[in-house]
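# Coordinate analysis (summary)
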Amino acid sequence: MLFFPLEKNIALKEFTEDAGDYFYTEIIRAEGNVTFKAAFSYKGETLSNEKSLKNEEVTDEEYELLSLAYPLLKELCGFAPGWGMLTGVRPSKLIMNKMLETNEETARDYFINHFFATPEKTELALSVAKREIEIVKSIDEKSFSLYVSIPFCPTRCSYCSFVSHSIGTDSAKKLMPEYVNKLCEEIAFTGLKAKENELKLTSVYWGGGTPTTLSAEDLDRVLSAIEDNFDLTNCTEYTVEAGRPDTITPEKLQVLKKHKVGRISINPQTFSNGVLEAIGRKHSAELTIEKYNLAREIGFDCINMDLIAGLPTDTLEGFKNSVDKAIALGAENITVHTLALKRSSTIVTENESGSVSEKDVAKMLDYAKKVLTKSGYYPYYMYRQSKALGNFENVGWCKEHKECKYNVLMMEEYQHILSVGAGSVTKLLSPGIEKIERIFNYKFPFEYISRFSELLEKKERISTFFGEYQ
Ligand code: SF4
């Protein structure tokens, strides 16, 4: 899947020489030893490899097989993925754990020589891991973050794979008032669970969707519900994503400010109007700047801007310009994503993936890293998505002391997350994080509303979970 992310069936069930393009692996266990075989045929060329090891030499069969296959794929496909054989979502967590178990040098060697990651990607993961260690150290076992899901957007972006409803459709718009009612009820219920279990709230994060799709009145209602039902004394970070500039109004920003929201996201994705049009965002780059300036006037001093490398019709020059603009505007956080071609996005279903090559995406990310570093930003969190172009990563960059702790703790699964709203997931961690239990809220707003009482029953598990560890 690293080399052919959009293929559905690439593995042969049975080996036949005339199978055309194929990728074949086999493990043969005979007495005393194990033989690993890999063969790969692509565009008329075939490469194969095999090795035998004594039983006691094999600690991880999957690794032995894949490390045999990987060089074949690399050679015939003609490129080496930056992260080598690593497929996981959290490379920084992996390297951080290795560093904590051993030391930095061993962790570096593990990435470069065991997984074939490039030295550049390895250093990136190490830098992130070092920042993350500081944040993780400050967390105690009873602390948690609250996640609020608002699964509505003004229109749907062509690359989007989230469950987000465009309020351009009447059916979605009609659901919103009842959605807000139920959300406030769920907040009250969840607040009670937090109190009963003596949990300490350290950060609140609203995502979606686009939370500022709600009216100023509804934002006020939900923000008040949180204040009424949770103890915010220890809450040091409050983020509301206001991602789409076309949802931002002075009234909404004033409401956020009144309720002490300290961090917002205003996401350009790109500063090229042609690209914005190509991805179905019905706003201009100028509007992003206008709303950014408005947020500054109202007093927001921590603003995140998301950018995406590899958007359809974008160019290397266009992307460089977008990074330069976000830096020039002085955003405290700049998150650089790699476009992921998810099957549920219209970009894939309607075959609009555009023409940005993986090589160009690599250059875009290199440029971002170079200028962000030069401008005083550092990488503080990172994750990978399946089907990202070139299997590249998403990196959150920030100015000194401006990291969003929630992003780190949620992504690396180091803190309980109590979540409210459709599609959100509550995550409960056992002591020592030996086990993570998840409670899934219903995905779609109509289902969330119609099955609300079942949902509250499911969330009773919060109390029994903590009861088990008393
Ligand atoms: S703004 Fe974000 S959540 Fe909404 S449609 Fe676009 S990508 Fe999806």
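Residues numbered from 1 in each chain as written. Predicted model: local features only at pLDDT ≥ 70, side-chain atom pairs only at ≥ 80, totals over all residues. Heavy atoms only, no water.

### Quick look at the sheet that holds strand β3 (residues 45-54)
For the record, the criterion: Each pair of strands is called paired provided DSSP finds at least two bridges between the two strands. A run of DSSP states H or I qualifies as a helix once it reaches four residues; a run of E qualifies as a strand once it reaches two. Both are numbered from the N-terminal end. To get an axis, a line is fitted to the C-alpha atoms, and for a helix only the part in contact is used. The angle between two axes follows their N-to-C directions and goes from 0 to 180 degrees.
Pairing is antiparallel across the open sheet formed by three strands, whose spatial order is β1-β2-β3. Each edge of the sheet is formed by a strand with only one pairing partner; in this case those strands are β1 (22-30) and β3. Sheet twist, expressed as the mean angle between neighbouring strand axes with direction ignored, is 10°. In terms of strand pairing, strand β2 (residues 33-42) meets β3 through ten bridges, oriented antiparallel.

### Concerning the nonpolar core
Nonpolar side chains tend toward joint burial in soluble globular proteins. The criterion, for reference: We define a nonpolar core as any set of buried Ala, Val, Leu, Ile, Met, Phe, Trp, Tyr and Cys residues linked to one another through side-chain atoms lying within 4.5 Å. Between buried and exposed lies partly exposed: a residue is buried under 20% and exposed over 50% of the maximum accessible area for its type, with that area taken using a 1.4 Å probe on protein chains only. Residue ranges assigned to each domain were obtained from an automatic or database domain assignment. Residues count as neighbours in contact if any of their non-hydrogen atoms are within 4.5 Å of one another.
Of all hydrophobic cores here, the largest spans 124 residues; its most connected members are L146 and W206. Mapped onto the domain boundaries, this core takes at least three residues apiece from domain 2 (91-135) and domain 3 (136-420). Other than its neighbours up to four places away in sequence, W206 contacts V148, I150, P211, L214, L219, V222, L223, I226, Y238, T239, V240 and E241. The next biggest cluster of nonpolar side chains, apart from the first, holds 20 residues, and it includes L2, Y63, L68 and L72.

### Overview of helix α15 (residues 452-459)
Applied cut-off: In this description, one arc is meant: the one made by directions from the helix axis to the C-beta atoms.
Buried residues of α15: F452, L455, L456 and K459, and no others. Around the axis of α15, the buried residues are gathered within 100° of arc, so they sit on the same side. Seen from the buried face of α15, the exposed residues on the opposite side, beyond 90 degrees, are S453 and E457.

### Some points on the domain arrangement of the chain
Partitioning the chain into domains gives domain 1 (22-77), domain 2 (91-135) and domain 3 (136-420). Each of domain 1 and domain 2 has a C-alpha centre, and these two points are 26 Å apart.

### A closer look at helix α1 (residues 61-77)
Since the α-helix advances by 3.6 residues per turn, residues separated by three or four positions end up pointing in the same direction. This is how it is decided: Multiply 1.5 Å by the residue count of a helix minus one, and that product is the helix's expected span. The definition of a polar contact used here is a pair of N or O atoms within 3.5 Å, where within protein one atom must be able to donate a hydrogen and the other to accept one, and adjacent residues in sequence count solely through side-chain atom pairs.
Relative to the 24 Å expected for 17 residues at 1.5 Å per residue, α1 spans 24 Å between its end C-alpha atoms, a close match to the ideal helical length. Listed as buried for α1 are Y63, E64, L65, S67, L68, A69, Y70, L72, L73, L76 and C77. Put simply, D60 is the residue that caps the front of α1, since its side-chain oxygen is 3.2 Å from the backbone nitrogen of E62. Just downstream of α1 lies G78, where phi reads positive at about 80°.

### Digging into the site of the ligand
Spelled out, the test is: For each residue, the test is whether any non-hydrogen atom lies within 4 Å of the molecule or strand; if one does, the residue is near. Nonpolar residues are Ala, Val, Leu, Ile, Met, Phe, Trp, Tyr, Cys and Pro. Charged residues are Asp, Glu, Lys and Arg, and all others, Gly as well, are polar.
With respect to spatial proximity, twelve residues lie near the ligand, and among them C153, C157, Y159, C160 and G209 are the closest. Class assignment for the residues of the shell around the ligand results in five nonpolar, four polar and three charged.

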